[in-house]
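The chain contents come next:
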Amino acid sequence: MKHVAAYALLVMGGKTAPTVDDVKEVLSAVDGEVDDAQLETLLADLAGKDLFEVIDAGMDKIKDISVGGGGGGGGGGGGGVVEKPT
């Protein structure tokens, strides 16, 4: 995910086709580790594609996914026995 985030930052900053070195530079600025294999795969998958179109296509794919309902209610509290003073 960090590779995608760094790539997106570069694109939003005006770099239309970030390179491996560009992404590595961004990640090294925040002491992030780079997985070269994952980065190479990401760049190969995005080669020649517009990032915003890729994001839009992904949003179209997930728009009908149900994300479920709300969680269960909160707990009822301690529920312990209350002693009456004598």
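Our structure is the block above this text.
Now for a quick tour of the structure. (Residues numbered from 1 in each chain as written. Predicted model: local features only at pLDDT ≥ 70, side-chain atom pairs only at ≥ 80, totals over all residues. Heavy atoms only, no water.)

**Concerning the nonpolar core**
Buried together is how nonpolar side chains tend to be arranged in soluble globular proteins.
Line of reasoning, step 1. Formed by 13 residues in total, the largest nonpolar core has its most connected members in Tyr 7, Val 23, Leu 39, Leu 43 and Leu 51.
Line of reasoning, step 2. Within the residue set of this core, elements represented by two or more residues are α1 (2–12), α2 (20–29) and α3 (36–46).
Line of reasoning, step 3. Sorting elements by how many residues they give to this core places α1 first, with 5 residues.
Line of reasoning, step 4. Not counting the four nearest positions on each side in its chain, Leu 39 is found in contact with His 3, Val 20, Val 23, Lys 24 and Val 34. (Core = buried A, V, L, I, M, F, W, Y, C linked by side-chain atoms within 4.5 Å. Buried < 20%, exposed > 50% of the residue type's maximum accessible area, 1.4 Å probe, protein only. Helix = DSSP H or I, 4+ residues; strand = E, 2+ residues; numbered from the N terminus. Contact = heavy atoms within 4.5 Å.)

**Let's talk about the side chain of Asp 22**
Line of reasoning, step 1. Looking at the secondary structure, you find Asp 22 in helix α2.
Line of reasoning, step 2. Only 2.9 Å separates the side chain of Asp 22 from the backbone nitrogen of Thr 19, close enough to count as a polar contact.
Line of reasoning, step 3. When near neighbours in sequence (up to four residues on either side) are disregarded, Asp 22 contacts Leu 10, Lys 15 and Ala 17. (Polar contact = N/O pair within 3.5 Å; in protein donor to acceptor, adjacent residues only side chain to side chain.)

**Some points on the packing of α1 against α2**
Line of reasoning, step 1. One way to put it is that α1 packs onto α2 with a least axis distance of 9 Å and a crossing angle of 105°. By the angle between their axes, α1 is roughly perpendicular relative to α2. Between α1, through Lys 2, His 3, Ala 6, Tyr 7 and Leu 10, and α2, the contact on the second element is made entirely by Asp 22, Val 23, Val 26 and Leu 27.
Line of reasoning, step 2. Its residues assigned to classes, the contact of α1 with α2 shows 6 nonpolar, 1 polar and 2 charged. (Axes fitted to C-alpha atoms, helices over the stretch in contact; angles between N-to-C directions. Parallel < 35°, antiparallel > 145°, perpendicular 65-115°, else oblique. Nonpolar A, V, L, I, M, F, W, Y, C, P; charged D, E, K, R; others polar.)

**Quick notes on α1**
An α-helical turn contains 3.6 residues, so any two residues separated by three or four positions project in the same direction.
Line of reasoning, step 1. Residues of α1 that are buried include every one of His 3, Ala 6, Tyr 7, Ala 8, Leu 10 and Val 11, and no others.
Line of reasoning, step 2. Next to the buried residues of α1 lie α2, α3 and α4 (51–62).
Line of reasoning, step 3. Looking one or two residues beyond α1, the residue adopting positive phi is Gly 14, at roughly 110°.

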